[in-house]
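The residues making up each chain are set out below.
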Amino acid sequence: MPAFGVWINAIWILLFAGCDLACSSYSEDQCSWRGSGLSQQQGSVEQIFLHCSEGTLDWLYPKGALRLSLSPRLPSVAVGPGGSSSGLITACVKPSEHFHGAQLYLERDGVLELLISDRLESSPPPRVRCFSRLPGERVALFLQATPHQDISRRIASFRYELRGDWTARLSLDNNPISSEEACRPCNNTEILMAVCTSDFVVRGNIRSVVEDDNLRAAVIKVSATRVFRQKYALFTGNSRLSSRGEVRTLLQCGVKPGPGSFLFTGRVHFGEAWLGCAPRYKDFQRAYMAAKAAQQIPCELPVD
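Basis of the calculations
- Numbers given to residues run from 1 along each chain, matching the order in which its sequence is written.
- Reporting in this predicted model follows two pLDDT cut-offs: at least 70 for local features of residues, and 80 or more for side-chain atom pairs to be given and counted; totals over whole chains, interfaces and linings ignore these cut-offs and use all residues.
- To get the side-chain values, take all heavy atoms of the structure and skip hydrogens and water.
- The rule for a salt bridge is simple: a side-chain nitrogen of Lys or Arg has to be within 4 Å of a carboxyl oxygen of Asp or Glu.
- Numbering goes from the N terminus for both helices and strands, where a helix is a DSSP run of H or I of at least four residues and a strand is a run of E of at least two.
- Burial status follows relative accessibility: with a 1.4 Å probe on protein chains alone, a residue under 20% of its type maximum counts as buried, one over 50% as exposed, and anything between as partly exposed.
- With axes taken as lines fitted to C-alpha atoms, and helix axes fitted only over the stretch in contact, angles between N-to-C directions fall between 0 and 180 degrees.
- Orientation is classified from the angle alone, with under 35 degrees giving roughly parallel, over 145 giving roughly antiparallel, 65 to 115 giving roughly perpendicular, and any other angle giving oblique.
- Throughout, a contact is declared for two residues whenever any of their heavy atoms are within 4.5 Å.
- For this classification, the nonpolar set comprises Ala, Val, Leu, Ile, Met, Phe, Trp, Tyr, Cys and Pro, the charged set comprises Asp, Glu, Lys and Arg, and every other residue, Gly included, is treated as polar.

(A) How the structure looks around the pattern of salt bridges. Counted according to the given criterion, the structure contains 9 salt bridges. A salt bridge links R248 to E272, with the shortest nitrogen-to-oxygen separation between them at 3.7 Å. Pair noted here: R248 is in strand β14 (residues 243-250) and E272 is in strand β16 (residues 272-275), with a separation of 24 residues, a long-range link. For R248, a relative accessible area of 13% translates into the label buried. Overall, the relative accessible area of 24% leaves E272 in the partly exposed class. A salt bridge links E300 to K292; its shortest N-O distance comes to 3.9 Å. Overlapping salt bridges, with partners in common, bring together K221, E246, R248 and E272 in one network.

(B) Region of the structure containing unusual backbone geometry. The residue F270 is not glycine, and still its phi comes out positive at about 50°. Tracing the backbone shows F270 in the loop between β15 (262-269) and β16. We classify F270 as buried; its relative accessible area is 6%. Residue Q295 is not a glycine yet carries a positive backbone phi of 55°. Locating Q295 in the fold gives a position in the segment after α4 (281-293). Residue classification places Q295 among the exposed positions, given a relative accessible area of 74%.

(C) Quick look at the packing of helix α3 (residues 188-197) against α4. Where α3 meets α4, the axes come as close as 10 Å, and the angle between the chain directions of the two elements is 90°. One way to sum up the angle between α3 and α4 is to call them roughly perpendicular. Residue-level contacts link N188, I191, L192 and V195 of α3 to F284, A287, Y288 and A291 of α4. Its residues assigned to classes, the contact of α3 with α4 shows 7 nonpolar, 1 polar and no charged.

Rendered as structure tokens:
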């Protein structure tokens, strides 16, 4: 780690050692926190404890430092759209477009790793950053206010998410996974598991595909003919026969518009749908009926 990071780490250890319960802060809903640096004691590190899998933090007039401990109540077994159970837990932070006044670090085993730096007025908005941890390993985020003469217009704000799965999130980070692994078609077992565990399960057609260079993603415009399940209002419309929505996937997968009906499954990440398994609907039907006849389906779905 650079000398600056080591210096910050040493300062944090000294401050944390001198901090007692008076420095701790719990949010009422245990998901989000909002506070002001103006209320902090000089040289203090305020301890914040959140226990949800997603939420927000808004630090107005950053001054001093915050240490955010995330201990979400996640399922004991993490099963992703592919049916795997690696045990890794994914955490992502999405800074607001106007993130100012602080630097955000990942704290692991007493070492700080810079995730998001304080941005200048002319610099582009910071990107989503993700990392993984093993079950039982504590996740902590450390926010260090940067010195400014005028802190009246500075707010360090971000959203966070922790999940037991979701592989597409790495497309948003600085260390994308290989195209071969990210774009590999799901096998029948993975498809059936995705139907049970995904945030959305939708039958539909691809209207168009638009490339988002800033997000490094392909945005699939979908006409949904049947919404089997959706955790959020992703696919909406006035027609009873069809609704519309968007699904994102890795840009390097090279998704192109084409004819035919598909079964779209996946996860919601910061309010956006990201693609998991997406077989042609006739291939899903074949796999589902075969598994049902063998009494090996993990969950029921009212297929046509």
